[in-house]
Each structure stands twice: as C-alpha cells, then as structure tokens.
Amino acid sequence: MSTTTTPTLHALAIDLAARATWPVWLAGFRARARRSLADTTFPQRKSESWKYSSLAALESAGSLTRAAQVGSGAIPADALPALDGWRIVFVNGRLDATQSVLPDDGSLDVHSLVDLPESLQPRASELLALDDPAKLPFAALNAAAFSDGLFLRVRRGQAAARPVHVVFHSAGTQPAAVQARLVVDIEPQASLTLIEQYTGVDARLFTNASTAIAVAREARLTLARVQFDGGDNCFVGSLRVQLGEHSRCDGYLLMTGSRLKRNDITCDIAGAGAELTLKGVYLVGQGEHADNQVCIEHAVAHGSSEQQFRGIVGGDGRGVFNGRIHIHPGARQTSAELVNNNLLLSADAEIDTKPELEIYNDDVKCSHGATVGQLNEAGVFYLQSRGIARADAELMLSLGFVNALIGQVPVAGLPEWLRGESERWFAGRSGRGACP
Amino acid sequence: MLEIRNLHATVQGKQILNGLDLSVGDGEVHAIMGPNGSGKSTLSAVLAGRDGYEVTAGEILFRGEDILPLAPEERARKGIFLAFQYPVEIPGVSNLEFLKASLEQVRKAQGKEVWDAVTFMKKAREASARVNLDAAFLKRGVNEGFSGGEKKRNEILQMLLLEPALGILDETDSGLDIDALQVVAQGVNSLRDAGRSFVLVTHYQRLLDHIVPDFVHVLAGGRIVRSGGKELALELEEKGYGWLKDAS
C-alpha cells in the first residue's frame with residue numbers, strides 16, 4: 001500500500017533553503033536563518049495576521065518545489081516606467097547587468113550581495129538581520145534561501161543625483177520560487193529616491209521579497225514600491241524601514257492584486273523627531289487578492305507618521321488592510337494618523353480593513369479611520385449631466401479616487417505610467433460589476 | 001424649446017411639484033422665482049434627470065420630444081445644460097480631462113466636429129479667461145478646493161464650451177459677490193441668441209438686473225402661481241412673496 005502525502009510548505013521551504021548557495025561571508029547568517037526556519041510554523045488561517053489570506057494558491061501552484069533558474073528574461077518595455085534614473089535589474093533574484101544602467105555616481109555604493117566588499121559586510125549583516133524571522137516566516141525563508149541581492153549605500157551628506165530604480169523581475173516557464181533581497185543604507189544627512197518594482201510574467205512563479213532600509217540621522221528617503229504585475233503571480237514580501245533621528249521617509253505603495261499578494265511593512269520610528277508619510281493604492285480585481293499589513297512602531301519621542309491608503313476592489317476580489325500603530329511608553333509627543341478608504345465595484349468584492357492602535361502614553365495625538373463605500377452618486381450625476389455615460393462616469397470617478405494619490409508620487413514620469421497602468425487594469429482586470 | 005405640462009413630481013414620496021406648466025420659446029429667457037421650498041430646485045433636477053426624483057404625472061417636451069425616458073447624459077447630449085447650485089468636487093479628475101470627455105460626447109452626439117487637442121486647449125483657455133478663472137484651474141481636480149464663486153464660474157465655463165440649446169441655472173447667483181455675479185451674467189448674455197433659451201432659477205431679483213428676462217414666473221406650492229414680464233421681479237423684491245399667497 002502506498003500513500004501520497006503532500007509535503008507541507010514548511011518541509012518545502014526547508015528543502016529549498018538546503019539547496020541554496022550563498023556567499024561565504026553570510027554563512028553564519030544563513031545558519032541562523034535555517035535554524036529559525038526549522039522552528040517556524042507557516043501561517044494558517046487561524047493565525048490572526050493571516051486570517052484573510054490563504055496560502056492555498058501557493059501550495060497548489062507548486063512553486064516552492066524548486067528555486068527559479070537563473071533567468072535571462074527580457075522585461076517587456078511597457079512593464080517599466082520611463083524614469084530619468086539609474087536602473088538595476090534582477091532577474092529571478094540575480095543581478096542582470098545587461099538590462100541595468102548602473103549608477104556611476106560617487107555618492108552611491110552599489111554592490112550585489114555576492115560580491116560585497118569586506119568593509120561593507122558588517123553593516124550589511126546588521127541590516128539583513130532587521131526582520132524578525134520568528135514573526136515573518138517568509139522572511140526567514142528568504143534569509144535561508146536567497147542567492148543574491150542588492151546592497152545600496154548613499155554616503156554621508158550626499159544626495160543621490162538621480163532616482164535609483166531597482167527592478168525584481170520573475171521569469172520562467174516552470175513553477176518556481178524567487179527570493180528577492182534589497183538592503184539599503186542611507187547614511188546621515190544623505191538622501192535617496194528609490195523605486196522598488198516587482199514584475200513578473202509567468203503564471204506560477206512565487207516571489208518572496210525582503211527589503212530592509214536604514215535611514216540615518218537627518219537623512220531623507222523617497223520610496224515607491226511598485227507592484228503592478230500580472231494577476232497570476234504569487235508574491236509575499238516584507239519591507240522594513242528604520243528611521244533615525246530627524247530623518248524623513250515619504251513612502252508610496254502602489255499595487256494591483258494578484259493570485260496572492262501580501263506585504264508586511266514595518267516602519268520603526270527609532271530616532272527622535274523622525275517623520276514618516278506612507279501613501280498606498282491597491283487595485284484588486286476578479287480573482288485577485290492583496291493583503292497589506294502595515295505596522296508603525298513609534299519607539300521614541302517627537303515622531304510623526306501619516307498614512308493614507310486607498311483601495312478599489314472589484315469582481316470577486318479581496319482586499320485586506322491592517323494598519324497597526326504602536327506607540328511605546330517613551331514615545332511622547334507623537335503624532336500618528338491613519339486613513340484607509342475603500343471603494344467596492346461589485347457585490348462580490350470584499351474588503352477587510354482594520355486599524356489597530358496601541359498607545360502606551362498619554363502625550364500623543366492620534367487618529368485613525370476606515371471607510372468602505374460605493375461611488376459618490378452626486379459625482380456620477382454631475383458627470384452624466386455633462387453628457388458622460390454612466391459607465392464612463394463611474395470609471396472616471398474610480399480612477400480619480402486613486403489618481404488623487406498617484407498624482408502625489410514625487411518621481412518624474414512615474415505618476416503618468418501608474419495612471420496608464422491603472423486605466424489598463426480598469427479596462428481588463430477590475431471585474432467591474434454591471435451597472436444597475 | 002421647452003414645454004412642461006401638468007408636471008407632478010415627488011421626492012422620497014413627498015409631493016413637491018403639483019401640476020406645473022411652463023412654455024419656453026426659442027431664444028427666450030425665463031426667470032423662475034419663489035420662496036424656499038416652493039420646488040425650484042426640484043424642477044431643475046427633474047429637467048436634468050436626476051435619480052430620486054419621480055415624475056408621477058405630466059410631461060416635459062424638449063424641442064417636441066418627450067425627455068422623461070432619457071438618461072441625464074442623453075439629455076445633455078441633446079443640448080440641455082444644468083448649472084448646479086452646489087457643483088460637485090471630483091478629486092483626481094482634472095478639469096481638462098473632464099471637459100474633454102464631456103465635449104467629445106456632446107459634440108459627437110450633436111454631429112459637430114470633435115475638437116483636436118490643440119483646438120480644445122485653446123477653447124478651454126479662452127473660456128477660462130472669459131469667466132476670470134486662472135488657466136491653472138483647468139489642471140486642478142474638478143471643483144476641488146474651489147471657493148463657492150470659483151465653482152460657479154467653472155459652471156459657466158462649462159456652459160460656454162458646451163453651448164447648450166437650453167441652459168438651466170439653478171440658483172447660480174446664490175452666495176456670489178458682485179464680480180462673480182457679473183461673470184455669470186456676461187456668460188449667459190454672451191450666449192443669448194434666437195436659437196438658445198435659458199431658465200434662471202433664482203431666489204433674488206439681483207441677478208435679473210444683469211440678465212434681463214423676457215418672462216418672470218413665481219413658483220409656489222409646486223405650481224406657477226403668477227407669470228409676468230421683468231417688472232414682476234421688481235414687484236416681488238418690493239413686496240416679498242407673502243401677498244401672492246394671499247392672492248392665490
């Protein structure tokens with residue numbers, strides 16, 4: 001008698017990690033990651049933070065059974081915005097110099113993690129260790145299994161002269177897993193505009209991304225994470241941003257849904273007077289899923305965070321937003337604000353939104369709110385009264401709802417591309433319900 | 001142009017219009033005045049086809065055609081324009097984008113040439129200059145963050161571009177300073193011609209100092225209770241609406 005048992009995600013992850021090759025200098029880090037992966041429980045629906053996101057899509061795709069081949073997939077031209085900046089392309093987790101326009105600027109150090117100079121290794125190790133593998137099993141998997149990644153440093157007091165566009169592209173014809181790693185160190189009083197983009201063309205690739213960014217004292221970061229990839233992809237990614245004293249980060253998270261899309265985002269207000277703004281747009285259509293778990297850790301005094309997320313969910317899509325603001329006992333004079341507005345385009349669309357405030361001192365200014373609604377009827381009528389058909393009016397209003405945030409992205413060329421992509425998403429994948 | 005016969009309409013089950021009759025000939029300007037709650041705004045909304053206003057009896061003929069079965073956008077394409085009392089803010093949709101979409105639809109439906117991008121921009125800039133609205137407003141979200149006066153100027157700007165056969169101004173004069181009032185009046189006056197008609201719904205006589213109507217009607221209790229020439233507006237200004245109730 002023979003029985004077939006399906007290997008668990010956990011077993012697959014351990015197997016995948018065991019087969020990974022890595023640079024020698026990371027051996028210690030790897031060993032720890034593998035141990036922590038062995039102790040990790042992969043999330044189930046009963047765990048609160050994965051209540052609304054099923055890993056079934058990942059299991060059924062079989063993507064975890066092998067690591068993606070070193071790819072040479074050319075990225076379709078229209079998959080990338082035309083930006084006046086440097087471009088660093090990774091295909092299936094490996095640097096692809098042929099598709100990159102590498103920085104030639106003295107203010108920046110750019111290295112693949114494989115070739116990282118010894119002098120930078122201690123700092124890179126610190127940043128790699130920012131994420132807690134016990135809390136984020138996929139980050140543990142990434143730590144145990146990644147083959148390469150990017151280390152980017154902006155030197156003290158320098159401003160990167162052009163935006164840096166880092167593209168993680170997944171390509172292949174077989175189900176496979178891609179581990180993407182990005183480590184960014186912005187030294188005191190330095191500044192950087194970073195566009196972090198994930199693209200993918202194959203139906204059954206799983207991208208597991210991990211990004212850690214340190215923004216030192218009085219440094220400044222403008223960050224756009226762009227995830228307008230195909231609806232068939234699976235993506236899980238963590239993003240950790242650590243903000244030093246009087247530093248500032250303006251972050252923009254812009255995405256469509258996919259078979260599985262999950263972002264775990266943690267921002268540490270770790271230095272007094274640090275300022276964070278975070279704006280996000282998610283478009284989730286028929287058969288799509290997008291889950292954003294955002295946590296702001298106000299650890300010290302005089303920090304501020306301001307978040308505004310807007311989502312549109314159509315068809316039978318599901319959007320999930322969890323916004324946690326954790327204000328520690330010492331974080332006096334903190335100002336924290338969170339708004340999440342959602343629009344449902346059809347009766348089967350679902351949004352699960354939950355703001356969570358945890359406040360451990362009295363000297364704070366805090367507000368949060370979430371709304372879920374349909375289009376503003378007064379606006380629809382206004383457009384109709386000018387000759388615009390109801391369906392077109394609804395589309396204009398929906399686009400307007402997200403364009404109001406997209407228009408604020410301060411990277412030349414990016415809002416225009418995002419607007420075009422949003423229109424394409426509405427035209428094809430939005431699963432807009434029939435008009436009554 | 002416009003023939004309203006025995007119009008009855010309800011809003012949320014409440015009877016607002018009670019057998020309203022109105023006949024507007026080509027090239028005429030009619031002012032509809034009346035106290036608060038008399039049904040003035042309901043009449044505007046019913047003419048434009050707003051949801052939630054139910055016509056229970058009567059008919060509205062526009063150039064001989066019954067428009068009640070038509071959707072708001074179809075009425076607009078036939079040349080009916082409503083300047084809103086409270087223009088709606090639409091963040092994220094630029095004024096230009098909105099005007100372009102509107103003009104394309106309306107001009108196409110009317111068999112007029114659809115303007116190319118260059119002509120459109122030129123016309124839009126001219127229109128904004130005519131209503132004293134800085135051209136920068138064209139790039140902003142529709143009415144987004146506009147003051148009350150700027151919103152009303154934006155309504156007139158749209159009317160100038162759309163060149164409707166019938167313009168309905170729903171209390172466009174309310175809350176306007178004298179400069180904005182003159183902009184509104186000039187907008188209407190510049191469009192006046194033998195083939196174009198206007199219905200001015202207003203609470204006050206002062207707009208009629210600047211746009212001289214051919215006829216003035218008093219709406220009370222959902223019906224026209226009195227009609228006359230422009231001098232009727234002055235009489236109303238002097239005596240208020242109370243005496244009409246006594247008379248009717």
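Cut-offs and rules
Residues numbered from 1 in each chain as written. Chains lettered and ligands numbered in written order. Predicted model: local features only at pLDDT ≥ 70, side-chain atom pairs only at ≥ 80, totals over all residues. Helix = DSSP H or I, 4+ residues; strand = E, 2+ residues; numbered from the N terminus. Rg over C-alpha atoms; globule rule 2.2 N^0.38 Å. Buried ≥ 20, exposed ≤ 12 C-beta atoms within 10 Å, placed from the backbone. Contact = placed C-beta atoms within 7 Å. Axes fitted to C-alpha atoms, helices over the stretch in contact; angles between N-to-C directions. Left-handed = near helix turned anticlockwise from the far one by under 90°. Nonpolar A, V, L, I, M, F, W, Y, C, P; charged D, E, K, R; others polar. Parallel < 35°, antiparallel > 145°, perpendicular 65-115°, else oblique. Pairing = 2+ DSSP bridges. Core = buried A, V, L, I, M, F, W, Y, C linked by C-beta atoms within 7 Å. Right-handed = clockwise from strand over helix to strand, strands pointing away. Expected span 1.5 Å × (residues − 1).

J.: Help me understand the overall build of chain B, please; the structure alone is not making it clear to me.
T.: Within chain B, the regular secondary structure consists of nine helices and 12 strands. Relative to its length of 248 residues, chain B is compact, with a C-alpha radius of gyration of 18 Å against a globular reference of 18 Å. Each of the 248 residues in chain B was classed as buried or not, and the buried ones make up 46%. When contacts within chain B are restricted to residue pairs at least 6 apart in sequence, long-range pairs at least 24 apart make up 71% of them.

J.: I would appreciate a short explanation of the overall build of chain A in the present structure.
T.: The helix and strand inventory of chain A stands at eight helices and 19 strands. Here the C-alpha radius of gyration of chain A, 21 Å, is about what a compact globule of 436 residues would show, namely 22 Å. The principal-axis extents of the C-alpha atoms in chain A amount to approximately 65 × 65 × 45 Å. Residues counted as buried form 54% of the 436 residues belonging to chain A. Restricting to contacts in chain A with at least 6 residues of sequence separation, those with at least 24 account for 84%.

J.: Explain the packing of helix 3 (residues 95–109) of chain B against helix 5 (residues 148–162) of chain B to me, please; I cannot follow it from the model alone.
T.: The description of two helices packed together rests on the angle between their axes and the distance between the axes. Residues and elements named next belong to chain B. Contact geometry for helix 3 and helix 5: axes closest at 10 Å, N-to-C directions at 35 degrees. For the pair helix 3 and helix 5, the crossing hand works out as right-handed. Between helix 3 and helix 5, the contacting residues are L99, S102, L103 and V106 on the first element and Q158, L161 and L162 on the second. In terms of residue class, the contact of helix 3 with helix 5 is made up of five nonpolar, two polar and no charged.

J.: What am I meant to see in the packing of helix 7 (residues 390–406) of chain A against helix 8 (residues 414–428) of chain A here?
T.: Residues and elements named next belong to chain A. At a minimum axis separation of 11 Å, helix 7 and helix 8 run at an interaxial angle of 150 degrees. Between helix 7 and helix 8, the angle falls in the class roughly antiparallel. Crossing geometry of helix 7 relative to helix 8 is assigned as right-handed. Facing helix 7, whose interface residues are L395, S398, L399, V402, N403 and I406, helix 8 presents P415, L418, R419, S422, E423 and F426. For the contact of helix 7 with helix 8, a count of residues per class yields seven nonpolar, three polar and two charged.

J.: I would appreciate a short explanation of the sheet that holds strand 11 (residues 215–220) of chain B in the present structure.
T.: Whether parallel or antiparallel, the strands of a sheet pair through hydrogen bonds between backbone atoms. Residue and element names in this part refer to chain B. Pairing within the open sheet is mixed, and its six strands lie in the order 6-9-10-3-11-12. Since the sheet does not close on itself, it has two edges, and those belong to strand 6 (80–83) and strand 12 (223–228), each with one partner. On average, adjacent strands in this sheet sit at an angle of 20 degrees to one another, irrespective of strand direction. Sheet topology note: the strand 6/strand 9 (residues 166–170) ladder contains four bridges and is parallel. Its bridge partner being in strand 9, A83 is matched across the sheet by L169. The sheet strands contacting helix 5 are strand 6 and strand 9, and the helix crosses strand 6 at an angle near 165 degrees.

J.: For this particular structure, what's the right way to read the interface of chain B and chain A?
T.: The parts lose accessible area when they come together, and the size of an interface is often stated as this lost area. If you look at the interface, chain B gives 22 residues, while chain A gives 22 residues. Elements that contribute at least two residues to the side of chain B that touches chain A include exactly helix 2 (72–78), strand 7 (90–94) and helix 3 of chain B. Residue contributions to the side of chain B that touches chain A peak at five residues, all from helix 3 of chain B. Residues of the side of chain B that touches chain A, tallied by class, amount to 13 nonpolar, five polar and four charged.

J.: Whenever I open this one, the nonpolar core confuses me. Can you help?
T.: Among soluble globular proteins, nonpolar side chains are generally buried collectively. By size, the foremost hydrophobic cluster in this structure holds 202 residues, and its most contacted members are L254 of chain A together with L200 of chain B. The element contributing the most residues to this core is helix 7 of chain A, with nine residues. Non-local contacts of L254 of chain A, meaning those with residues more than four positions away in its chain, are made with A224, V226, F228, V281, I406 and L418 of chain A.

J.: Looking at this structure, I do not really get the sheet that holds strand 7 (residues 191–200) of chain A. What am I missing?
T.: Residues and elements named next belong to chain A. Strand order in the open sheet formed by 10 strands is 2-1-5-7-9-11-13-15-17-19, and the pairing between neighbours is mixed. Where the open sheet ends on each side, the last strands, each with one partner, are strand 2 (94–95) and strand 19 (364–373). As paired elements, strand 1 (residues 86–91) and strand 5 (residues 164–170) share six bridges and run parallel to each other. Paired with F90 across the strands is F168, a residue of strand 5.

J.: How do you make sense of the environment of E421 of chain A when you look at a structure like this?
T.: Position of E421 of chain A among the secondary structure elements: in helix 8. Sequence separation between E421 of chain A and Q333 of chain A is 88 residues, and the spatial gap between their C-alpha atoms is 40 Å.

J.: How should I be thinking about the pairing of strand 13 (residues 275–284) of chain A in this particular structure?
T.: Within a regular strand, side chains alternate between the sheet's two faces. All names here are of chain A. Most of strand 13 is tucked away: eight of the 10 residues are buried. Across nine bridges, the pairing between strand 11 (residues 248–256) and strand 13 is parallel. Considered in strand 13, the bridge of Y252 is made with K279. Of the strand pairs in this sheet, strand 13 and strand 15 (residues 304–313) are connected by 10 bridges, and their pairing is parallel. Within the sheet, the bridge partner assigned to V281 lies in strand 15 and is R310.

J.: Any chance you could explain the pairing of strand 9 of chain B here in plain terms?
T.: Residue and element names in this part refer to chain B. Counting buried positions along strand 9 yields five of five residues, so the element is predominantly enclosed. Taking every second residue as pointing to the same face, both faces of strand 9 are buried, with L166, I168 and D170 on one and G167 and L169 on the other. Across five bridges, strand 9 lies against strand 10 (residues 197–202) in parallel orientation. Counterpart to I168 in the pairing with strand 10 is V199. The handedness of the strand 9 to strand 10 crossover, carried by helix 6 (residues 178–191), is right-handed.

J.: Mind showing me how you'd approach the environment of R77 of chain B here?
T.: Position of R77 of chain B relative to the elements: it lies in helix 2. As a C-alpha pair, R77 of chain B and N143 of chain B span 66 residues in sequence and 22 Å in three-dimensional space. Not counting chain neighbours up to four residues away, the residues in contact with R77 of chain B comprise G387 of chain A together with Q105, V106, A109 and Q110 of chain B.

J.: Help me understand helix 4 (residues 117–130) of chain B in this model?
T.: Because the α-helix completes a turn every 3.6 residues, residues three or four places apart line up on one side. All names here are of chain B. With 14 residues, helix 4 should cover 20 Å at 1.5 Å per step; its first-to-last C-alpha distance of 20 Å lies within 8% of that length. Those residues of helix 4 hidden inside the fold are in contact with helix 3 and helix 5. In the stretch just after helix 4, N132 is the one whose phi turns positive, near 55 degrees.

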